[in-house]
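Examination of the molecular architecture
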Amino acid sequence: MDTIVQVRHLTKEFRVLHRRSGKWGAWNDFFHPQYRTIRAVDGISFDIQPGELIGYIGPNGAGKSTTIKMLTGLLVPTGGEILVKGMIPWKDRRKYVANIGVVFGQRRTLWWDLPVIDSLEVLKAIYRIPDPLFKHNLGMFRKILDLDSFLESPVRSLSLGQRMRAELCAAFLHNPALLFLDEPTIGLDVVAKERIREFIRHLHREGTTILLTTHDLTDVERLCERVMVLDWGKILYDGNLQELTSRFEGVNEMRVSFAENGEDGLLEGLEPPVREGRYYVYRIDPRKVSIPDLVSSLYRTHPVVDLEIRKPKLEDTIRKIYENKSLNTPD
Amino acid sequence: MQAFLKIVGISARQQMTYRTALVAGLFTNLFFGILRASLLIALYQGETSVNGMDVGGAITYVALSQAMIAYLTIFGNTEMGRTVSDGSIASDLIKPVHFILLWLGRDLGRSLVNFVVRGLFFIGLFSLFYSLYYPLEIGRWFLFFVSLIFSWLLNFFWRMLVNLGAFWSPDIQGFARLAFGFSQLFSGFVLPLRLLPDWFSRLSNWTPFPGMMNHPMEVYLGIYSPSQLLGAFGHQLIWLFILVFLCLALFRLGIRRLVIQGG
């Protein structure tokens, strides 16, 4: 299949006024402004294949939103290239945006004072959605996103969760092959989040290519096979989600409680354990030790009462990546 | 085209939801209309005609220009500029419609509602206080409406031009206030251009502003000679081309500098 998104050495710089402090700071800023260049996105490259669902994660200010804004044609890159479905987003913006769907979790696109359905009707005309397709999509989204109870209500009267569901529906009525979701679950409760994930899953099954930006790593764990981790405008990791955990922290935890405690719990081939109450906690590198073999031999040789293997949490792994990087990067 | 009409429609419906604001606006216009009319009568000091405009014509001028405040958004606004500074422009830019056309539709929808509620209703109420002139020839009504459409377009593109400044400056309020002050004065809204010194109305003819208010009013009153009429329409048309061109050019330049802050 052809690559749908191609990004090469993409860079975006912003020139910001460096504000001076002190008594005469504002005065000096007015007459002799000093500018400083900030590189929000620093030469990133990646490809997206049709049908992929990618989690795009990184701490605040990492450059995620800036990337999305360039990918959706809102911002003009300072350097590098973006080619999406053969188009350069910012150059062919009007033609291009008819082919994509965008949801900004912190912005609204629906008409504030009018019923949701009115906004959808306008979008139908704007995107030239044929009648049957409109009916089909609306019917489907009503079910998945549970829109029926508020389709006739003015947007301003909706709860945040309802509004986000309506926004998702609006962004997808024209069947775009490519969807950009910028923090679609921000500020939502668990139930609302799950409903939105269900919708994303549905679109993914239908073959839509989706780039998902989020701070909620549960979104990523539940939905994405591939993740890209961004910090300081650079991609720190791009690949499989499972590999991410093993690559950055290969260590699992094995917690064992034996029938007779009192020994030092030393096991051959493993580091000495730490005692936590009834449990001995061993750190295991699955690349060196086969966990299934270890567990079965342990049951044969020792009177095991309870045994538990804990995989590192994605959150911890990601935090490690951020922390390591920021230690190595001079400010 | 269908999309444009839908945008006009939804904008009109949105405007209709602000009933209280519409009625309040109507009465504000009425209050200041009566004030302006009384002042003009006082200034005429019993003169029957000043520079080809009699008292009745001047009062009709005030009534019409007052009625068109909301329709033409003669005081200006910085609504579009704000979307640049707060980033909500993003929602418009991800739609496959030309940005300026989108705003044209939005403004037109609102203006049509204002034309009826704060225009026609206003004239109805105002005529309870003063007697107004009504043209008897169909032709003049026709010319008036054509001129009024041009003046709406001129107002729209003038406002757009001022708002496009937001791509270059994070706060255009001060600049916009100055710009809209100029356009109110030179358009003949503050006082009919005919009642101002000759050098001033000659100067104003070098700006697009008379086409935004003075021309349709004088077309309505039938003061123009046929050649002046032609000149007035030519003036409106030329300036419309210039403003449209400037808006498109500035938009193309500005969009490349866009910085969308936040999330």
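These notes cover the structure that comes with them. Small disclaimer: the values here were computed from a predicted structure and weren't measured.

About the criteria used
Position numbers for residues count from 1 along each chain, tracking the sequence in the order it is written. Working convention: letters from A go to chains and numbers from 1 go to ligands, in the order in which they are written. Selection of residues for local features in this predicted model requires a pLDDT of at least 70, selection of side-chain atom pairs for listing and counting requires 80 or more, and totals for whole chains, interfaces and linings are taken over all residues. Excluding hydrogens and water, the side-chain figures rest on all heavy atoms present in the structure. Numbering goes from the N terminus for both helices and strands, where a helix is a DSSP run of H or I of at least four residues and a strand is a run of E of at least two. With the radius of gyration taken over C-alpha atoms, the globule rule is written as 2.2 Å times the number of residues to the power 0.38. Here a residue-residue contact requires only that any non-hydrogen atoms of the pair lie within 4.5 Å. Each accessible area is a Shrake-Rupley result for a 1.4 Å probe, and residues are judged covered by the shown protein chains and nothing else. In this charge count, Lys and Arg are treated as positive and Asp and Glu as negative; neither His nor the chain ends contribute. The atoms used to mark charge sites are NZ of Lys, CZ of Arg, CG of Asp and CD of Glu. When DSSP finds two or more bridges between two strands, those strands count as paired. Lines fitted to C-alpha atoms define the axes, with helix axes restricted to the stretch in contact, and inter-axis angles between N-to-C directions lie between 0 and 180 degrees. Any carboxyl oxygen of Asp or Glu that lies within 4 Å of a side-chain nitrogen of Lys or Arg is treated as forming a salt bridge with it. Throughout this description, buried means an accessible area under 20% of the type-specific maximum (1.4 Å probe, protein chains only), exposed means over 50%, and partly exposed covers the range between. For Phe, Tyr and Trp, rings pair up if their centres lie within 6.5 Å, where Trp contributes its six-membered ring, and each pair is then called stacked (planes under 30 degrees apart), edge-to-face (over 60) or tilted (otherwise). A ring is scored as having a charge over it whenever the NZ atom of a lysine or the CZ atom of an arginine sits within 6 Å of its centre and within 35 degrees of its normal. Two N or O atoms count as a polar contact when they lie within 3.5 Å, although within protein this holds only if one can serve as hydrogen donor and the other as acceptor, and sequence-adjacent residues are included solely when both atoms are side-chain atoms. Take the accessible area each of two parts loses on contact, using a 1.4 Å probe, and add the two losses: that sum is the buried area. For this scheme, ten residues count as nonpolar: Ala, Val, Leu, Ile, Met, Phe, Trp, Tyr, Cys and Pro. Four count as charged, namely Asp, Glu, Lys and Arg, and the remainder, Gly too, count as polar. Multiplying one less than the number of residues by 1.5 Å gives the expected span of a helix. By definition, any crossing whose near helix is turned counterclockwise from its far helix by less than a right angle is left-handed, and any crossing with a clockwise turn is right-handed.

1. Concerning the overall build of chain B
Scanning chain B from N- to C-terminus turns up twelve helices and two strands. Its C-alpha atoms give chain B a radius of gyration of 19 Å, near enough to 18 Å, the size a compact globule of 263 residues would have. Nonlocal contacts in chain B, meaning residues at least 24 apart in sequence, comprise 80% of its contacts between residues at least 6 apart. Carbon and sulfur atoms provide 71% of the accessible area of chain B, an area that totals close to 12,100 Å². Computed over 17 positive and 10 negative side-chain charges, the inter-centroid distance for chain B is 11 Å.

2. What about the sheet that holds strand E3 (residues 53-57) of chain A?
Residues and elements named next belong to chain A. The six strands are arranged E5-E6-E7-E3-E8-E9 in an open sheet whose pairing can be described as mixed. Two strands lie at the open edges of the sheet, namely strand E5 (100-104) and strand E9 (234-240), each paired on one side alone. The sheet shows a mean angle of 15 degrees between the axes of neighbouring strands, direction not considered. Taken together, the five bridges between strand E6 (residues 178-182) and strand E7 (residues 209-213) define a ladder with parallel strand orientation. Looking at the pairing, Phe-180 lines up with Leu-211 of E7. Relative to the sheet, helix H2 (residues 64-71) contacts E3, E5, E6, E7 and strand E8 (226-231), its axis offset from that of E7 by approximately 150 degrees. Against the sheet, helix H7 (residues 190-205) engages E3, E6 and E7, with an angle of about 150 degrees to E7.

3. Examining the sheet that holds strand E2 (residues 35-48) of chain A
All names here are of chain A. If you trace the three strands from one edge of the open sheet to the other, you get E2-E1-E4, paired in antiparallel fashion. Strand pairing shows two members of the sheet lacking a second neighbour, E2 and strand E4 (79-84), which therefore form its edges. When strand polarity is set aside, the average angle formed by the axes of neighbouring strands in this sheet is 30 degrees. Where strand E1 (residues 5-17) and E4 come together, five bridges link them in antiparallel fashion. Among the inter-strand pairings, Val-5 is bridged to a residue of E4, identified as Val-84. H2 contacts E1, E2 and E4 of the sheet and is inclined by roughly 115 degrees relative to E1.

4. As for the pattern of salt bridges
Residues and elements named next belong to chain A. Inspection of every chain in the model, using the stated rule, returns 28 salt bridges over all chains. With its nearest N and O atoms 2.9 Å apart, the salt bridge here joins Arg-156 to Asp-113. Of the two residues, Arg-156 is situated in the loop between helix H5 (131-145) and helix H6 (160-172) and Asp-113 in the loop between E5 and helix H4 (116-126); the sequence distance between them amounts to 43 residues. For Asp-113, a relative accessible area of 10% gives the class buried. Two residues, Arg-197 and Asp-216, come together in a salt bridge whose shortest N-O distance is 3.4 Å. Residue Arg-197 is located in helix H7, and its partner Asp-216 is located in the loop between E7 and helix H8 (217-223); the two are separated by 19 residues in the primary sequence. Grouping residues by exposure puts Arg-197 and Asp-216 together as buried. Through salt bridges that share partners, Lys-193, Glu-194, Arg-197, Glu-198, Arg-201, Arg-205, Asp-216, Asp-219 and Arg-222 make up one connected network.

5. What about the packing of aromatic side chains?
Inspection of every chain in the model, using the stated rule, returns 26 aromatic pairs over all chains. Ring centres of Trp141(B) and Phe144(B) lie 6.4 Å apart, and the angle between their planes is 75 degrees; on these two criteria the pair is classed as edge-to-face. Of this pair, Trp141(B) and Phe144(B) both sit in helix H8 (residues 138-164), three residues apart, which is roughly one turn of that helix. Residue class for Phe144(B) comes out buried when judged on its relative accessible area of 3%. Classification of Trp141(B) as partly exposed rests on a relative accessible area of 28%. Ring pairing ties together the aromatic residues Trp158(B), Phe182(B), Phe186(B), Trp199(B), Phe200(B) and Phe209(B), which thus form one cluster. For the cation-ring pair, Arg15(A) lies above Tyr35(A), with the distance from its terminal atom to the ring centre recorded as 3.8 Å. Note that Arg36(B) overlies the ring of Phe189(B), its terminal NZ or CZ placed 4.7 Å from the centroid.

6. Description of the pairing of E9(A)
Looking at chain direction, E8(A) and E9(A) are connected through six bridges and run antiparallel. In the strand pairing of E9(A), Leu230(A) is matched with Ile235(A).

7. Thoughts on the side chain of Thr72(A)
Residue and element names in this part refer to chain A. With respect to the secondary-structure elements, Thr-72 resides in the loop between H2 and E4. The exposure class of Thr-72 is buried, given its relative accessible area of 0%. A polar contact is formed between the side chain of Thr-72 and the backbone oxygen of Ile-68, at a distance of 2.8 Å. In this structure Thr-72 touches Pro-89, Tyr-96, Val-97, Ile-100, Val-102, Phe-104 and Phe-180, once residues within four positions along its chain are discounted.

8. Some thoughts on the interface of chain B and chain A
If you look at the interface, chain B gives 29 residues, while chain A gives 30 residues. Together chain B and chain A conceal approximately 2,900 Å² of surface at their shared face, both sides included; 63% is due to carbon and sulfur atoms. Counting every contact that joins chain B to chain A gives one salt bridge. In this structure, Asp118(A) engages Arg13(B) in a salt bridge whose closest nitrogen and oxygen atoms are separated by 2.6 Å. Joining chain B to chain A, the criterion identifies six residue pairs in polar contact (both at pLDDT 80 or more). Of all the secondary structure elements, the ones that give two or more residues to the side of chain B that touches chain A are helix H1 (2-16), helix H6 (89-93) and helix H12 (226-255) of chain B. In terms of residue count, H1(B) provides more of the side of chain B that touches chain A than any other element does, seven residues in total. In terms of residue class, the side of chain B that touches chain A is made up of 14 nonpolar, ten polar and five charged.

9. Comments concerning helix H2 (residues 19-44) of chain B
Residue and element names in this part refer to chain B. Over its 26 residues, H2 runs 37 Å from end to end, which matches the ideal 38 Å to within 8%, given 1.5 Å per residue. Taken as a whole, H2 has its buried residues at Leu-22, Gly-25, Leu-26, Asn-29, Leu-30, Gly-33, Arg-36, Ala-37, Leu-40 and Tyr-44. Structurally, H2 contributes buried residues whose contacts are with H1, strand E1 (49-50), strand E2 (53-54), helix H3 (55-67), helix H4 (69-72) and helix H7 (99-126).

10. Thoughts on the packing of H3(B) against H7(B)
Residues and elements named next belong to chain B. Packing of H3 against H7 brings their axes to within 8 Å, and their N-to-C directions diverge by 145 degrees. Pair H3 / H7 crosses with right-handed handedness. The residues of H7 that touch H3, namely those facing Ile-59, Ala-63, Leu-64, Gln-66 and Ala-67, are Arg-118, Gly-119, Phe-122, Ile-123 and Phe-126.

11. So, the side chain of Ser65(A)
Residues and elements named next belong to chain A. Relative to the helices and strands, Ser-65 is located in helix H2. Residue classification places Ser-65 among the buried positions, given a relative accessible area of 15%. Polar contacts involving the side chain of Ser-65 include one to the side chain of Asp-182, which spans 3.2 Å.

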